[in-house]
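Below are the chains, spelled out letter by letter.
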Amino acid sequence: MTTKTNHTTPVLAIPAARAITAAGAALTLASTFLAWTWTAEFPGDLTVTGYPGGLQVLTLVGAAITLLFTLSGFGIKGLGWLTPGGTNSPVRLAALGVLGTMGFTFAAIAIELGGIVNLEPGAWIGLAGAIITVAASLGLPHDQDITDTTTPTPLERFLNSLRAPAPGRPKELPSWAEILIIVAAFGIGLYVVTYGIDTEYPELFVGYMIISGFAVTALFKAGLMARLSALTTKYRTIAVAAAFVAAAAFPFTQTTDQFTLIAVNILIFATVALGLNIVVGLAGLLDLGYVAFLGVGAYTAALVSGTTASAFGVQFPFWASVLTGAAVSLIFGVVIGAPTLRLRGDYLAIVTLGFGEIFRIAVGNLDGVSGPQITNGPNGVPNIPDLNFFGYNFGESHTVLGFELGSYANYYLLMLLAMILVVLVFSRAGSSRIGRAWVAIREDETAATAMGINGFRVKLIAFALGATLAGIAGTVQAHVQSTVVPEMYVFAGPVPPNSAFLLAAVILGGMGTISGPLIGATLLYMIPAKLQFLQDYQLLGFGLALILLMRFRPEGLIANRRAKLEYHETGQLDVPDETLTGTTSGTTKAGA
């Protein structure tokens, strides 16, 4: 019989590791107040002493978080609430984020300015401090033991050093204090997201992605996100209201429409991704042509918008345009779904891929030459007028609460209302009898059918509802872009939206959840928008991201409980211990 042993030895044996970690973090923090380069040619102006700028600010924030987590490990009174879960793994993760940001800044300055000779002593001090912090943090004890029958490898010990236990039950606080924590958390979230959207140059956005990725992971390991999740569950109504109020406050933080347009497109694509999540995440239907339903809604709204390029020459009011776009998308969903949803798996995926391509080719041929004059063919429908809703012109600036909102801010608030509608539909449908039938079909269609579920009818409802939600988003997209062309609705391409982008957003964020596709769509839109030089490699990036996701987090960034239990071992036996140790027949059944 092999005896299991616990391995708690740190990755590196370093005396006074916590004190050295704190000193390294403090050194890195202090370096941000020194000049990192001598010339202002590098974006962000890192030449000023005593006033951090650009990437220095991100490094300062990361170093401060690392220092706070480290001091919490000393047991200092008033800081214990920072680490209700893991104590040392958050320190290591935050330190790695600082080193990544510092290393990227170091390399970017050397490459863009022509060598490390352009680095001032402040940059060298910051890099040295970051290296010291990471090395010393590897000398801190593990938060969790490795229970195994063999001696773990150095890699296994390092990976285990990043794991953390779940936080214990928190101390009860007054209701007003818990609500205040929720409000403060969403306020901080609004500031962080706004900072990312408002980054003005690629170097700052890359640093933002590095430091925010490691910082958020550290907050999860520390148990703070679990505590916040428990509070939002307890005060669900207040949390939802706070989330949408924070989102609605975004355009009031902008002085121009430059970054508001990015936010509008993020909301459009996130709304479409949520609709696809009903089809893929809840019902388990692989749809590779979903962007066509977005195009149906956009073309419908364009043709009834009153533009001179429309073949019909009619102008519907906004509410009628939305209903028309949703209805036409619904009809297309039923017409396409009715003959194809009896297929399963790869066969259904191929049919939906074909539908997406047929739609793009068809609207490109309805030009009066290859077909009837409806869509102007490859030229599309241009000059779509701005929306006018009961005298409120979305194309004009308006003053609200003393703030001037531009045209894209108007469309942003409109899309936020559409997002609220889609989230409400998704949450209600997912928890309804139909939603439970979708999940049953997704898990095992044969077993669900044997239990009396009409699989074809249930799948057709999912297909039609997803198409309707995409059509609603398309009606707004047509007015935001002011033109629609067939090339906007392809399966895959360097510019979103496309079917591959939408499917990747759902899978990356987490299938079957509400927040997952929102986060996935935000990341997958912001990265190409901010890093223009990577647009030609977008599909390569999608592929690498999905491979890494399948390996390390197959349930997505935000996963529901079912997905966590499905993809990760929990140590729980499928058959209770008493059955295994009971009668012989029980043992025989367990092994069958």
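This one's a predicted model, so the numbers in the text were calculated from it and none came from an experiment.

What counts and how
Residues numbered from 1 in each chain as written. Predicted model: local features only at pLDDT ≥ 70, side-chain atom pairs only at ≥ 80, totals over all residues. Heavy atoms only, no water. Helix = DSSP H or I, 4+ residues; strand = E, 2+ residues; numbered from the N terminus. Rg over C-alpha atoms; globule rule 2.2 N^0.38 Å. Buried < 20%, exposed > 50% of the residue type's maximum accessible area, 1.4 Å probe, protein only. Contact = heavy atoms within 4.5 Å. Areas by Shrake-Rupley, 256 points an atom, 1.4 Å probe, with all protein chains shown as cover. Lys, Arg positive; Asp, Glu negative; His and termini not counted. Charge placed at Lys NZ, Arg CZ, Asp CG, Glu CD. Salt bridge = Lys/Arg side-chain N within 4 Å of Asp/Glu carboxyl O. Core = buried A, V, L, I, M, F, W, Y, C linked by side-chain atoms within 4.5 Å. Axes fitted to C-alpha atoms, helices over the stretch in contact; angles between N-to-C directions. Parallel < 35°, antiparallel > 145°, perpendicular 65-115°, else oblique. Left-handed = near helix turned anticlockwise from the far one by under 90°. Expected span 1.5 Å × (residues − 1). Phe/Tyr/Trp six-rings, centres within 6.5 Å; stacked < 30°, edge-to-face > 60°. Bend = angle between axes of the 7 residues up to and from the residue. Nonpolar A, V, L, I, M, F, W, Y, C, P; charged D, E, K, R; others polar. Patch = residues over 30% accessible without salt bridge, like charges linked within 9 Å, V, L, I, M, F, W, Y side chains within 5 Å. Polar contact = N/O pair within 3.5 Å; in protein donor to acceptor, adjacent residues only side chain to side chain.

Glancing now at the overall build of the protein chain. What the protein chain contains, in helices and strands, is 23 helices and six strands. Its C-alpha atoms give the protein chain a radius of gyration of 27 Å, near enough to 25 Å, the size a compact globule of 592 residues would have. The principal-axis extent of the C-alpha atoms belonging to the protein chain is close to 80 × 80 × 50 Å. Of all 592 residues assigned to the protein chain, the portion counted as buried reaches 45%. Across the protein chain, contacts joining residues at least 24 apart in sequence account for 74% of those joining residues at least 6 apart. Total accessible area on the protein chain stands at roughly 28300 Å², and carbon and sulfur atoms take up 66% of it. Of the side chains in the protein chain, 28 bear a positive and 32 a negative charge, and the two mean positions are spaced by 15 Å.

Take the pattern of salt bridges next. For the structure on display, the rule yields five salt bridges. Across the salt bridge formed by glutamate 443 and arginine 442, the nearest N and O atoms sit 2.9 Å from each other. For arginine 442, a relative accessible area of 26% gives the class partly exposed. Glutamate 445 is the partner of lysine 459 in a salt bridge, and the nearest nitrogen-oxygen pair spans 3.1 Å. Within this pair, whereas lysine 459 is found in helix 17 (residues 455-481), its partner glutamate 445 is found in helix 16 (residues 445-450), the two being separated by 14 residues in sequence. The pair formed by lysine 459 and glutamate 445 is uniform in burial state, with each residue classed as buried. A single network of salt bridges, built from pairs that share partners, joins Glu172, Glu178 and Lys234.

Core analysis: the biggest nonpolar cluster contains 112 residues, and Tyr290, Tyr411, Trp438, Val484 and Tyr489 have the highest contact counts within it. Take this core: its biggest share by element is 17 residues, from helix 10 (residues 258-282). Ranked by size, the runner-up nonpolar core spans eleven residues in total, among them Ala17, Phe69, Leu82 and Val91.

Here we take up the packing of helix 6 (residues 175-197) against helix 8 (residues 224-234). The interhelical angle for the contact between helix 6 and helix 8, taken along N-to-C directions, is 115°, at an axis separation of 10 Å. Taken together, helix 6 and helix 8 sit at an angle that is classed as roughly perpendicular. Relative to helix 8, the crossing made by helix 6 is left-handed. Residues Glu178, Ile181, Ile182, Ala185 and Phe186 of helix 6 form the contact with helix 8, whose participating residues are Leu228, Leu231, Thr232 and Lys234.

This paragraph deals with unusual backbone geometry. A positive phi angle, near 55°, is found at aspartate 45, a position not held by glycine. Residue asparagine 376 is not a glycine yet carries a positive backbone phi of 65°. Along the chain, asparagine 376 turns up in the loop between helix 13 (345-365) and strand 3 (388-389). Owing to a relative accessible area of 19%, asparagine 376 belongs among the buried residues under this scheme.

The first and last C-alpha atoms of helix 11 (residues 291-303) sit 18 Å apart over 13 residues, in line with the 18 Å expected at 1.5 Å per residue. Extensive coverage of helix 11 is indicated by the burial of 13 of its 13 residues.

Let us look at the packing of aromatic side chains. All told, the structure shown has 13 aromatic pairs when counted by the stated rule. Ring centres of phenylalanine 106 and tryptophan 124 lie 4.8 Å apart, and the angle between their planes is 85°; this geometry places the pair in the edge-to-face category. Here the residue phenylalanine 106 occupies a position in helix 3 (residues 89-113), and tryptophan 124 occupies one in helix 4 (residues 121-137), the gap between them amounting to 18 residues. What makes phenylalanine 106 buried here is its relative accessible area of 13%. When the ring of tyrosine 195 is compared with that of tyrosine 208, the centres are 6.1 Å apart and the planes differ by 35°; the resulting orientation is tilted. Pair noted here: tyrosine 195 is in helix 6 and tyrosine 208 is in helix 7 (residues 202-222), with a separation of 13 residues, a long-range link. Owing to a relative accessible area of 24%, tyrosine 195 belongs among the partly exposed residues under this scheme.

The topology assignment puts alanine 326 in helix 12 (residues 318-340). Separated by 255 residues in the primary sequence, alanine 326 and leucine 71 have C-alpha atoms spaced 55 Å apart. In contact with alanine 326, other than residues within four places in its own chain, are Thr468 and Ile472.

Looking now at helix 10. Compared with an ideal rise of 1.5 Å per residue, which puts 25 residues at 36 Å, helix 10 spans 36 Å between its outermost C-alpha atoms and is within 8% of the ideal. Where helix 10 bends most, at leucine 276, the angle is about 35°. By the criterion of burial, helix 10 is predominantly enclosed, with 23 of the 25 residues buried.

Axis separation between helix 6 and helix 9 (residues 236-248) bottoms out at 9 Å; the angle between their running directions is 30°. Judged by the angle between their axes, helix 6 and helix 9 are roughly parallel. Handedness of the helix 6/helix 9 crossing: right-handed. Of the residues in helix 9, those touching helix 6 at Ile179, Ile182, Phe186 and Leu190 are Ile238, Ala239, Ala242, Ala243 and Ala246. Split by residue class, the contact of helix 6 with helix 9 holds nine nonpolar, no polar and no charged.

A cluster of nonpolar side chains, namely Ile20, Leu27, Leu34, Ile125 and Ile132, defines an oily patch on the protein surface of about 330 Å² accessible area. Elements supplying a minimum of two residues to the nonpolar patch: helix 1 (17-31) and helix 4. Tracing the backbone through its elements, the reader meets isoleucine 132 in helix 4. For isoleucine 132, a relative accessible area of 37% translates into the label partly exposed.

Turning to its location among the elements, threonine 300 is positioned in helix 11. Using a relative accessible area of 11% as the deciding quantity, one classes threonine 300 as buried. There is a polar contact of 2.7 Å between the side chain of threonine 300 and the backbone oxygen of valine 296. In this structure, threonine 300 is in contact with Thr324, Gly325 and Val328, ignoring residues within four places of it in sequence.

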